[in-house]
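Next come the chains, spelled out residue by residue.
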Amino acid sequence: MPRKRKPETNESKPEKSRKRKVVEPLPEPMTAPEPIASVQSVPILKPKTEPEIKPVGLRCRRCNCGHFETIRTTPISHNRILRRRQCRYCGLRVTTVEKQL
Ligand SMILES: [Zn+2]
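Computed from a predicted structure; not experimentally measured. (Residues numbered from 1 in each chain as written. Predicted model: local features only at pLDDT ≥ 70, side-chain atom pairs only at ≥ 80, totals over all residues.)

1. Some remarks on unusual backbone geometry
Next, step 1: Phi angles above zero are rare outside glycine, and N64 is one such case at about 60 degrees.
Next, step 2: Relative to the helices and strands, N64 is located in the segment before β1 (68–75).
Next, step 3: What makes N64 exposed here is the crowd of 10 C-beta atoms within 10 Å. (Helix = DSSP H or I, 4+ residues; strand = E, 2+ residues; numbered from the N terminus. Buried ≥ 20, exposed ≤ 12 C-beta atoms within 10 Å, placed from the backbone.)

Okay, structure coming up:
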């Protein structure tokens, strides 16, 4: 019948060079005061993404992509611009008239 052995820890063993581990409670840091100015009042600056060449709603009818390069910009009148665009992928050329509001 096996005897129940007590799990012996190192603390119970008498050692020659016994290091005394002094555990003292850490003093609370009183030197650093909490910043009073809250960070949450800083407005989050959204990166301004200006659509430069991005044509809205313009889709290539051949490859159905929306990546057009502006080849030529011709002003027709004071608020209308004729743009010659070319699809980057299939090379389809379209002419759009942009109206400045
Ligand atoms: Zn295309």
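Moving on from the model shown.
2. Topic: the environment of R85
Next, step 1: Structurally, R85 can be placed in strand β2 (residues 80–87).
Next, step 2: For the pair formed by R85 and E69, sequence separation is 16 residues and the distance between their alpha carbons is 5.4 Å.
Next, step 3: Leave out the neighbours within four places in its chain, and R85 touches F68, E69, T70, I71, R93, V94 and T96. (Contact = placed C-beta atoms within 7 Å.)

3. A closer look at the sheet that holds β2
Paired through their backbone hydrogen bonds, the strands of a sheet run either parallel or antiparallel.
Next, step 1: Spatially, three strands are ordered β1-β2-β3 in an open sheet, and the strand pairing comes out antiparallel. This sheet does not close on itself; its edge strands, each paired only once, are β1 and β3 (93–99). Direction aside, neighbouring strands of the sheet carry axes that sit 25 degrees apart on average.
Next, step 2: The pairing of β2 with β3 spans seven bridges and is antiparallel. Bridging from a neighbouring strand, L82 pairs with V97 of β3. (Pairing = 2+ DSSP bridges. Axes fitted to C-alpha atoms, helices over the stretch in contact; angles between N-to-C directions.)

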